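Residues per chain, in single letters:
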Amino acid sequence: MPSRRRTLLKVIILGDSGVGKTSLMNQYVNKKFSNQYKATIGADFLTKEVQFEDRLFTLQIWDTAGQERFQSLGVAFYRGADCCVLVYDVNSMKSFDNLNNWREEFLIQASPSDPENFPFVVIGNKIDIDGGNSRVVSEKKARAWCASKGNIPYFETSAKEGINVEEAFQCIAKNALKSGEEEELYLPDTIDVGNSSQPRATGCEC
Amino acid sequence: MTDEEREGEIRASLEDAPSSPGSSGYAGEGGSTSATSGSQFEIQHQEIEDDTRIEIDRISLSDSHTSWIPGKRHLDEDDASISWRKRKKHFFVLSHSGKPIYSRYGDEHRLAGFSATLQAIISFVESGGDSIKLVRAGRHQVVFLVKGPIYLVCISSTEEPYESLRGQLELIYGQMLVILTRSINRCFEKNPKFDMTPLLGGTETVFSSLIHSFSWNPATFLHAYTCLPLSYATRQAAGAILQDVADSGVLFAILMCRHKVISLVGAQKASLHPDDMLLLANFVMSSESFRQVKLTSESFSPICLPRYNPSAFLYAYIDYFDADTYLMLLTTSSDAFYNLKDCRFRVEMVLLKSSVLSEVQRSLLNGGMHVEDLPPLPHSGSSHLGQHMLPSDSPDRFKEANSGIGGPAGLWHFMYRSIYLDQYVSSEFPSSINTPQQQKRLYRAYQKLFASMHDKGIGPHKTQFRRDENYVLLCWVTQDFELYAAFDPLADKASAIKTCNHVCQWIKDVENEIFLLGASPFSW
């Protein structure tokens, strides 16, 4: 049995509805894109094996629904995440403004041990639309926000054209991996019989 | 209570209420205990199931052959594989963040998405202040068990009762504690991302062998252990030397042959739960490294007994005397190796001198109680298992064994569980039930019977008589024991009941050979 250690990383994708979270994931995992919009109900889960610096690991991608009515899924979904991806649509100011809420919400719900350094990645999607003419959020503005939140890595992508998607996920994987490295020490106890009365089980004793 | 009273009790309760639905736990399947009414339903019902079962079985049969192969199989599968979806019984263990820990079939990492889905379902219900226990979807039952940060799920189309499947999840969790203790919870408290799979590395066979035992080892649902049949003197000799080493700082000394106990002794006030013994024996027998007979025969390993103390380790010294027989010495001291090695030496000397080990081999060959040997009534004098066991090579013995189509009144098999001893005895299988598939089917039937007898909602019950196209099943529960018996499906009810009374008398007559009796001079 090969006991080579494999790592599994939980990656949560958050952002307003319609910004292209599912499309990004589909492009990354299946290399497919569909123009048809199909709202995610609750959450979708996908798995992708990634190689990084001679190590093989698995991304467990949690694609969540952007609609507010699904936000009650809360704690359960965010618990134990290794990386959180915040997605907005460069053609929608509101989706960008909401990044702050998504980030706050995540930190409250997931309550990571070191919120300051929790690995986020920000993605500005749909840069292909209209040849970039309908764009309302400038790269500069987005980068400034990322810088103010502790230098969050930033990527501009097109899920449709497959632009920068691979690169963004490579970075997601790298950051998730970094955060996973400080593991808890497993320190089991040994029974001390002299110390206390043990919980008694039934039977056998006459 | 005298035996006459017992006999009267079972007769009366069965005859007074020949068709009382109350004494049948099979709600939804006709709910009748009588032999005729309701059986029509069942036959039709069964036919449909058999048709579909054949199709589903094709996959499991093609790889199960007759002997079970330990370890993980079908690693190439995931939730998109048709073969994976058709497997009749899945077990999953995952963390509260949805990270996979164990899956019976398929590669855990490739099932990460499936595992996340399970976590989402469990956590969603939990966030509403509730907890999910069971989902029925067509032929499938999805059973959930939440143990702090560890989630266990079974998805089964085997028609086993919910209580049985849940009990199996409890055992899987217990097996995990045997290996890691409950201190694993602290790791999750500090870090929900915690991945415990590396800590379980190399233990796949422990879990697959436990899961396999759900279909052949009745200890998994009876919550009792079973002893290797031995003469009273032989078991006494083994017990005496174990007691001797227990007095010198050993918490538990256990001598076993495969999954059967030869003798066991505990330090004063320490007692061993049958489930702990099951999990301990499974851990030892399924771990190849303990079995390297006479190469590196002795091992010393941290081990947790979940029913004794789930949060801390004991240390186990394990040594195989031969391919089947092994000694386990449990202590609280991590530096007791040399002391225990010395104890083992003393035990081995005594066992060899008093020929316990050769008696053990003899008992293995002869087997235990054979239904064909049920003494005829009227019962006279005391009988011994040894009537056929020793001398083992009388010509009668072979004739009986080969012609074994069953005992009197069509008795095929029985299991008897002594409540105050925490032990059970199970008869050998007759030729009518000699394939692993047939045996599994009978155990499943017993399991269902057990669950219905212990149903908290409509039970507990004293007796149950049930006939279908496979068997007549009779169950009798008293304060002292539980008897489960299987007969030919055409068996006569009155003589089946009478035969059960004979079986109980027979067990009483040979009890000091089939059970480990605490009331010995070496009582603990």
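Computed from a prediction, not measured in an experiment: that's the story for all the values here.

**Student:** Before we go on, may I ask you to explain the sheet that holds strand β16 (residues 481–487) of chain B in this structure?
**Tutor:** Pairing between sheet strands relies on hydrogen bonds along the backbone, with the strands arranged either parallel or antiparallel. Residue and element names in this part refer to chain B. Across the sheet, which stays open at both edges, the 6 strands sit in the order β6-β13-β12-β16-β15-β14 with mixed pairing between neighbours. Looking at which strands have only one partner, the edges of the open sheet turn out to be β6 (225–226) and β14 (463–467). Of the pairings in the sheet, the one linking strand β12 (residues 411–418) to β16 comprises 7 bridges and is antiparallel in character. Pairing of Ser-418 across the sheet is with Phe-481, part of β16. Each of β12, β13 (423–426), β14, β15 (472–477) and β16 touches helix α16 (residues 493–509); the most contacted strand, β16, lies at about 130 degrees to it.

**Student:** Please explain α16(B) as it appears in this structure.
**Tutor:** With 17 residues, α16(B) ought to run about 24 Å at 1.5 Å a step, and its terminal C-alpha atoms sit 25 Å apart, in line with that. Ala496(B), Ile497(B), Thr499(B), Cys500(B), Asn501(B), His502(B), Val503(B), Cys504(B), Trp506(B) and Ile507(B) are the residues of α16(B) that are buried.

**Student:** It is not clear to me how a nonpolar patch on the surface should be interpreted in this structure. Could you clarify?
**Tutor:** A contiguous nonpolar surface patch, about 300 Å² in accessible area, is contributed by Phe345(B), Met349(B) and Leu352(B). With respect to the element layout, Met349(B) can be found in helix α11 (residues 337–353).

**Student:** Can you help me understand the nonpolar core in this one?
**Tutor:** Where a protein is soluble and globular, its nonpolar side chains tend to be buried together. Counting residues in hydrophobic clusters, the biggest one holds 87 residues, and the most contacted among them are Ile172(B), Met196(B), Phe252(B), Met328(B) and Tyr446(B). At 11 residues, the largest contribution of residues to this core is made by helix α5 (residues 162–180) of chain B. Beyond its immediate stretch of four places on either side in the chain, Phe252(B) contacts Val265(B), Gly266(B), Ala270(B), Ser271(B), Leu272(B), Leu305(B), Tyr308(B), Met328(B), Leu329(B) and Leu330(B). Ranked by size, the runner-up nonpolar core spans 30 residues in total, among them Ala76(A), Val90(A), Ile152(A) and Tyr154(A).

**Student:** Just checking my understanding: could you explain the state of the cysteines for this structure?
**Tutor:** Defined simply, a disulfide is a covalent bond joining two cysteines at their sulfur atoms. Going through the model one piece at a time under the given rule, you end up with 0 disulfides over all chains. Cys83(A) provides the cysteine sulfur closest to Cys84(A), a residue in no disulfide bond, and the two sulfurs are 7.0 Å apart.

**Student:** Explanation requested: the side chain of Ser164(B) in the structure shown.
**Tutor:** Structurally, Ser164(B) can be placed in helix α5. The contact partners of Ser164(B), leaving out residues within four places of it in the chain, are Gln447(B) and Ala451(B).

**Student:** Sorry, what's going on with the environment of Ala312(B) here?
**Tutor:** With respect to the secondary-structure elements, Ala312(B) resides in strand β10 (residues 312–320). Taking C-alpha positions, Ala312(B) is 33 Å from Trp68(B), a pair spaced 244 residues apart along the chain. With residues up to four places along the chain from it excluded, the contact list for Ala312(B) reads Asp189(A), Thr190(A), Ile191(A), Thr181(B) and Cys304(B).

**Student:** Hey, could you run me through the confidence of the model for chain A in this one?
**Tutor:** The predicted coordinates should not be examined in detail at positions where pLDDT is low. Residues and elements named next belong to chain A. Scored by pLDDT, chain A comes out at a mean of 83, with 84% of its residues at no less than 70. Averaged pLDDT values over the elements of chain A bottom out at 76 in helix α2 (residues 74–78) and peak at 97 in helix α5 (residues 139–148). Overall, residues 195–206 carries pLDDT values under 50, and its contacts beyond four positions in sequence, including any with other chains, amount to 31 contacts.

**Student:** Looking at this structure, how should I read the domain arrangement of chain B?
**Tutor:** Quite often, the size of an interface is put as the accessible area lost when its parts meet. Residues and elements named next belong to chain B. One can read the domain layout of chain B as domain 1 (82–214), domain 2 (225–366) and domain 3 (408–514). Computed from C-alpha atoms alone, the centre-to-centre distance between domain 2 and domain 3 is 30 Å. Counting residues at the interface gives 10 residues for domain 2, matched by 8 residues for domain 3. Here domain 2 packs against domain 3, burying approximately 790 Å² in sum over the two surfaces, 45% of which is carbon and sulfur. Of all residues in domain 2, Tyr-225, Thr-226 and Tyr-232 give up the largest surface area on contact with domain 3, accounting jointly for 52% of the area buried on that side. Put simply, domain 2 and domain 3 have 0 salt bridges between them. Joining domain 2 to domain 3, the criterion identifies 6 residue pairs in polar contact (both at pLDDT 80 or more).

Scoring rules and cut-offs
Residues numbered from 1 in each chain as written. Chains lettered and ligands numbered in written order. Predicted model: local features only at pLDDT ≥ 70, side-chain atom pairs only at ≥ 80, totals over all residues. Heavy atoms only, no water. Pairing = 2+ DSSP bridges. Helix = DSSP H or I, 4+ residues; strand = E, 2+ residues; numbered from the N terminus. Contact = heavy atoms within 4.5 Å. Axes fitted to C-alpha atoms, helices over the stretch in contact; angles between N-to-C directions. Expected span 1.5 Å × (residues − 1). Buried < 20%, exposed > 50% of the residue type's maximum accessible area, 1.4 Å probe, protein only. Patch = residues over 30% accessible without salt bridge, like charges linked within 9 Å, V, L, I, M, F, W, Y side chains within 5 Å. Areas by Shrake-Rupley, 256 points an atom, 1.4 Å probe, with all protein chains shown as cover. Salt bridge = Lys/Arg side-chain N within 4 Å of Asp/Glu carboxyl O. Core = buried A, V, L, I, M, F, W, Y, C linked by side-chain atoms within 4.5 Å. Disulfide = S-S within 2.5 Å. pLDDT = per-residue confidence, 0-100. Domains from an automatic or database assignment. Buried area = accessible area lost by both parts, 1.4 Å probe. Polar contact = N/O pair within 3.5 Å; in protein donor to acceptor, adjacent residues only side chain to side chain.

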